[in-house]
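Structural characterization, general
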Amino acid sequence: MRSWSLALSLMLFSAHLFAQEQMALRLNENGMMKILRMAIQYNTSSKTSRTVVIPQNIYKFTIKKEQLTSNPIIPVINEISDLNLNRDLDFYLNTSDIKVTGNVDEKSLKMSISNSNDNGFDLKLSLNLPQIVVNGARLSLCEDKAKNGKSCGSGLQASMTNLKIQTKNRPVSLSATLRLRTDGKVARVTVLSVTSNLEGKNAPAMDINFQAVTVPKIAIVIDGQETELDTSRLKDEILKRKAFLAAKLMSFAADFITSDLAEMINVYLVNKQVATSYQVYRKEGLKTFNEFMSDRDSYPNRENYVRSAIQPEGKDPMTVIMAEISEVIRNAQVDIALKKISTPQNKDIELAGFLNFVLNNRAMTIKNTLGNSNRALPKLDLTAHRNHDINLAISEPLINGALDLVNTTGLYQEVFNAMADVKGFSIKSIKMHFQGDKSVVAVVNAQVDLKKLQSSGFSSWIKNKLAAYLERNNNNAVIYFPIEVQVVPTVKNLPTGGVGLDLKVLSPFNYVELPNKFNYPSNVGNMTDIVKDGVMEQLKDNLEPYVNKTYSVDVTKFLNQSGVVFLPKAISINQGAYFLLNLDLVDIKFNSKNPNLR
């Protein structure tokens, strides 16, 4: 059953909204089918089949009055036991434990969605078993049943031993309808119905074998004289009608599947609901999804996180920044809450919600506008991306909220100092904005205190002092301005078999003036030309070695967590507002000790 918990949790793992979705996950039809097939593989593991045990029971069946004369067994029973043939007759099948074994045809698995609203939907799953085998130690035909118990009464009975029934010529088809609903706090799954084709005109044929038919000794006593009745004809008729009895047994198996099994599953799912809001803390060494789910509440919040000093030697700055941002986020408390469930085209499952990071008791701030302006975040539409298993959309405001939280650790300034140690230069913030559908603009809001510039000699000292003097009335010689760096991301396959992200970083110095497309605060326009040229020249000399270059980052370790393996397929900007990552699902490794076993 844990595999079905996985399917449910993957569906619910998304982000309480503001006006529009800040984060959304769309699990497309093909991705959902992959998850369900992997759930089946996990449940069957390395075995070739699965077995369900139907507990020992007694089942009643009724033969209609108009069918009594056409049933060859009834006249024989009537010779032994006086039957009332003017009414419907009830008989019973008393069984030992019945083992039902079958193989699942994974390719036959189908799903459909219905009754969808913001609180959930119904999901119908169907699959075929090419053949099932029913084994029972004993099957008894009873004239009556014990008043208190699951056994035959004192009336006439006949028993088959070591019964084996195999279906043939047609697969057994099973369908289950599940209802997923959320009340804003938890999501629950209920089994509405389970049906099969074990009865009716579409039922498979059966091959029936058993060891023996036994009829207990029956005698009548008159005036102390015992006379044994001949039951051989009853035994012969039962042998002739074994298909009738086997069909009845299969019918009761179908009843078990359609009612008892559904009830058993529902009982299993009681208190097995999945929360729609989580607080997730850092976990070390978790390799499987089950470990993630079982341990998610056992890690306290880190209220005194201090980031370790970076180790930039031999690494490009982009690799350092990506690794350090990942490390900071992993050490933050992550709050996620489901806002809305939708089922586009009744084929896909889309979840939208709220995501928040809390670091050292400081929560990130998320706006609902784009591009450092009042432009509203548009309603998300992922329809054009259904050809991938999973679409993960993250809004521009959410990315900037996370970047602001990372900035509280001093990371950006430390990375800059390692790249180009310019005294007096500081980074106030880094923002991310989207440009077109392919590129991102990183806006570094920088500040230069001309009074703190380092001098390399007497002439340099004179130049710096003069610059500070000339700009003394311009914010006390503290110059602030944005540096817009365009970044073009593309996905590529790595020689190691992993997946990489190429980041083409363009130079902000390709223009006569530093661009300020997003209208961030700047007092560069108030600078004297000679000072401005000198400051920009020094800045360019320090940063130019790191731009107009392509950096490659292995994203496999960032994506593949807790046993779930993804294959990134494309990165793009959706609607000028959302960073969109399209993924295909490769594998789900449930067993950390034997990762090749599902």
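What you are looking at is a predicted structure, and each value in this text was computed from that prediction instead of being measured.

1. Things to note about the overall build of the protein chain
Looking only at helices and strands, the protein chain has twelve helices and 30 strands in total. The proportion of buried residues among the 598 residues of the protein chain is 47%. On the protein chain, roughly 29,800 Å² of surface is accessible, and the fraction owed to carbon and sulfur atoms is 50%.

2. What about the pairing of strand β9 (residues 157-168)?
Relative to β9, strand β8 (residues 132-142) runs antiparallel, the two being bridged by nine bridges. Residue pairing across strands places leucine 139 opposite methionine 160, the latter belonging to β9. The pairing of β9 with strand β13 (residues 212-214) spans three bridges and is antiparallel. Within β13, the position partnered with threonine 161 by the bridge is alanine 212. Sheet analysis places β9 next to strand β12 (residues 205-209), joined by five bridges and oriented antiparallel.

3. Concerning the sheet that holds strand β24 (residues 425-435)
Taken in spatial order, the five strands line up as β24-β25-β26-β27-β28 in an open sheet, and their pairing is antiparallel. Across the chains shown, the open sheet's two edge strands, defined by having one partner strand only, are β24 and β28 (549-554). For this sheet the average axis-to-axis angle between neighbouring strands, irrespective of direction, equals 25°. Sheet topology places strand β25 (residues 439-449) next to strand β26 (residues 478-493); ten bridges connect them, and they run antiparallel. The residue bridging valine 443 from the neighbouring strand is glutamate 484, located in β26.

4. Comments concerning the nonpolar core
Phe425, Leu450, Phe481 and Ile483 are the most contacted members of the largest nonpolar core, which totals 124 residues. Among all residues touching phenylalanine 425, those that are not within four sequence positions of it are Gln413, Phe416, Ala446, Gln447, Val448, Phe481, Ile483 and Leu539. Listed in part, the ten residues of the second largest apolar core include Ala352, Leu370, Leu380 and Leu580.

5. Some words on the pattern of salt bridges
Charged atoms that come close allow side chains of opposite charge to pair. Tallied over the entire structure, the rule returns 14 salt bridges. Ionic pairing is found between glutamate 29 and arginine 386, a salt bridge with its closest N-O pair at 3.7 Å. One end of the pair, glutamate 29, is in helix α2 (residues 29-44); the other, arginine 386, is in the loop between β22 (375-376) and β23 (390-395), with 357 residues separating them in the sequence. Residue classification places arginine 386 among the partly exposed residues on the basis of a relative accessible area of 25%. A salt bridge links aspartate 502 to lysine 492; its shortest N-O distance comes to 3.3 Å. Of the two residues, aspartate 502 is situated in strand β27 (residues 499-505) and lysine 492 in strand β26; the sequence distance between them amounts to ten residues.

6. Focus on unusual backbone geometry
If you check the backbone angles, asparagine 162 has positive phi at about 50° while not being a glycine. Summarising the element assignment, asparagine 162 is placed in strand β9. Judged by its relative accessible area of 43%, asparagine 162 falls in the partly exposed class. The phi angle at asparagine 519 is positive, at roughly 60°, despite the residue not being glycine. Along the chain, the position of asparagine 519 falls in the loop between β27 and α11 (529-543). Overall, the relative accessible area of 60% leaves asparagine 519 in the exposed class.

7. Remarks on the environment of leucine 514
Tracing the backbone shows leucine 514 in the loop between β27 and α11. Relative accessible area serves as the criterion here: at 22%, leucine 514 is assigned to the partly exposed category. For the pair leucine 514 and glutamate 484, spaced 30 residues apart in sequence, the C-alpha separation works out to 7.5 Å. Ignoring any residue separated from it by four or fewer positions in sequence, one finds leucine 514 in contact with Phe481, Pro482, Ile483, Pro508, Phe509 and Met536.

8. Some thoughts on the environment of leucine 398
The topology assignment puts leucine 398 in helix α8 (residues 396-407). Spatially, the C-alpha atom of leucine 398 lies 8.4 Å from that of threonine 365, the residues being 33 residues apart in sequence. Setting aside chain neighbours within four positions, we find leucine 398 in contact with Gln22, Met23, Leu355, Met364 and Ile366.

9. A closer look at the packing of aromatic side chains
Enumeration according to the criterion identifies one aromatic pair in this entry. The positively charged end of arginine 472 is found above the aromatic ring belonging to tyrosine 469, 3.9 Å away from the centroid.

10. Regarding α8
With twelve residues, α8 should reach 16 Å at 1.5 Å per residue; the first-to-last C-alpha distance of 17 Å fits that figure. For α8, a buried count of eleven out of twelve residues is recorded, marking the element as mostly surrounded by other parts of the structure.

11. Things to note about the packing of helix α7 (residues 317-331) against helix α9 (residues 411-419)
As a packed pair, α7 and α9 sit with axes 11 Å apart at the nearest point and diverge in direction by 160°. When the axis of α7 is compared with that of α9, the two are roughly antiparallel. Helix-helix and strand crossings are classified by hand; for α7 and α9 the assignment is right-handed. Residue-level contacts link Pro317, Val320, Ile321, Glu324 and Ile325 of α7 to Leu411, Tyr412, Val415 and Met419 of α9. A per-class count over the contact of α7 with α9 returns eight nonpolar, no polar and one charged.

12. Some thoughts on a nonpolar patch on the surface
Taken together, the side chains of Leu466, Tyr469, Leu470 and Ile530 make up a nonpolar region of the molecular surface, amounting to roughly 410 Å² of accessible area. The leading source of residues in the nonpolar patch is helix α10 (residues 458-470), at three residues. Within the element layout of this structure, tyrosine 469 appears in helix α10. Residue classification places tyrosine 469 among the partly exposed positions, given a relative accessible area of 48%.

13. Overview of the confidence of the model for the protein chain
Mean pLDDT over the protein chain works out to 77, with 76% of the residues at or above the 70 mark. Note on residues 285-289: pLDDT under 50 across the span, and 20 contacts to partners over four residues away in sequence or across chains. Segment residues 592-598: pLDDT under 50, and twelve contacts once partners within four positions in sequence are set aside and those in other chains are kept.

Thresholds, definitions, all that
Residues numbered from 1 in each chain as written. Predicted model: local features only at pLDDT ≥ 70, side-chain atom pairs only at ≥ 80, totals over all residues. Heavy atoms only, no water. Helix = DSSP H or I, 4+ residues; strand = E, 2+ residues; numbered from the N terminus. Buried < 20%, exposed > 50% of the residue type's maximum accessible area, 1.4 Å probe, protein only. Areas by Shrake-Rupley, 256 points an atom, 1.4 Å probe, with all protein chains shown as cover. Pairing = 2+ DSSP bridges. Axes fitted to C-alpha atoms, helices over the stretch in contact; angles between N-to-C directions. Core = buried A, V, L, I, M, F, W, Y, C linked by side-chain atoms within 4.5 Å. Contact = heavy atoms within 4.5 Å. Salt bridge = Lys/Arg side-chain N within 4 Å of Asp/Glu carboxyl O. Phe/Tyr/Trp six-rings, centres within 6.5 Å; stacked < 30°, edge-to-face > 60°. Lys NZ or Arg CZ within 6 Å of the ring centre and 35° of its normal. Expected span 1.5 Å × (residues − 1). Parallel < 35°, antiparallel > 145°, perpendicular 65-115°, else oblique. Left-handed = near helix turned anticlockwise from the far one by under 90°. Nonpolar A, V, L, I, M, F, W, Y, C, P; charged D, E, K, R; others polar. Patch = residues over 30% accessible without salt bridge, like charges linked within 9 Å, V, L, I, M, F, W, Y side chains within 5 Å. pLDDT = per-residue confidence, 0-100.

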